[in-house]
Amino acid sequence: MKAIILAAGIASRLRPLTDTMPKCLLQIGQRCLLQRAFDGLIANGISEFVVVTGYRHEQIEDFLGAHYPDQNIHFIYNEVFTSTNNIYSLWLTRSEAEGQDILLLDSDILFDPRIVSRVLASEKPDVLALNNHPLSEEEIKVIVDEKGNVKEISKVCSIEHAIGESIGIEKMSSAYTAALFKELEQMIEKEGLDNIFYERAFERLIPQGHTFGVIDTTDLYSVELDTVEDFRQAQQLIPSSLF
């Protein structure tokens, strides 16, 4: 299985912390977010990585080159990172991910590596990790059908009916990624939808018969760092076992 890590964003809401550093290199405890992600993925047997960069891409490339010189890492540079969103960064990985089994994750997540273990161990070919906690308009929320499969996933779906937040870690089968990049081609090249969240592609695939199961990882620590407040809270709340 190949890991696709999206790390192109400017992270303007984390300024001034990101004025001179990409978000994924911010340090929480003894390691930065990207190092934590790589360590967790390697511990779970992942040996091939695709990293989409943009903002301050040289720093990311230099960091990974210095810390993981023996790992198989392929970099893809999003030249229009200032005007696009993560759906476009995902689209750029087509040559590396289409028709393949992948693990997709955002680079701004602080997470317990056991979340990856659970996701990979699932018998379902396509699953996402979910955190069940009080929700607001900010989170990517998940609503499931009677079989427990995702039927809605977005920031704007009903808080009342949502079962939790998608934390940004998804396992996808080769069949799913084949359908995904076909849909992304339509969205990006024909509709110009390059400045939205990639979860919109997930939603568009549901009526076509492609969706995710859900792995509840509420008992394992995870947090997405979007704001300075998120960063400060993570510094205070990170479990000692992850420090």
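Residues numbered from 1 in each chain as written. Predicted model: local features only at pLDDT ≥ 70, side-chain atom pairs only at ≥ 80, totals over all residues. Heavy atoms only, no water.

**Overview of helix α8 (residues 228-237)**
Move 1: Taken together, the buried positions of α8 are Asp230, Phe231 and Ala234. One side of α8 holds all its buried residues, which, seen down the axis, span an arc of 100 degrees. Turned more than 90 degrees from where α8 packs its buried face, Glu229 and Gln236 sit exposed.
Move 2: Where α8 is buried, its residues meet β2 (27-28), β7 (109-111) and β13 (222-224). (Buried < 20%, exposed > 50% of the residue type's maximum accessible area, 1.4 Å probe, protein only. Helix = DSSP H or I, 4+ residues; strand = E, 2+ residues; numbered from the N terminus. Arc of directions from axis to C-beta. Contact = heavy atoms within 4.5 Å.)

**What to know about helix α2 (residues 57-67)**
Move 1: His57, Ile60, Phe63 and Leu64 are the residues of α2 that are buried. In a view along the axis of α2, the buried residues occupy a sector of 130 degrees, so they form one face of it. For α2, exposure combined with an orientation more than 90 degrees from the buried face picks out Asp62 and Ala66.
Move 2: Against β1 (2-7), β3 (31-32), α1 (33-43), β4 (48-53) and β5 (72-77) lie the buried residues of α2.

**Some remarks on the layout of surface pockets**
Move 1: When its volume is computed, the largest pocket comes out at roughly 1200 Å³.
Move 2: Around the largest pocket sit 48 residues that line it, and Arg13, Lys23, Asp108, Glu224 and Asp226 are the ones nearest its centre.
Move 3: Among the secondary structure elements, those contributing two or more residues to the lining of the largest pocket are β1, α3 (86-91), β11 (164-172), β13 and α8.
Move 4: Per-element tally for the lining of the largest pocket: the top contributor is α8, with five residues. (1 Å grid on protein atoms, 1.4 Å probe; cavity = no way out; pocket = protein on both sides within 12 Å on 5 of 7 lines; lining within 4 Å. Points joined across faces, edges and corners; volume = space filled by probe spheres on them.)

Nothing here speaks to function; it is all geometry.
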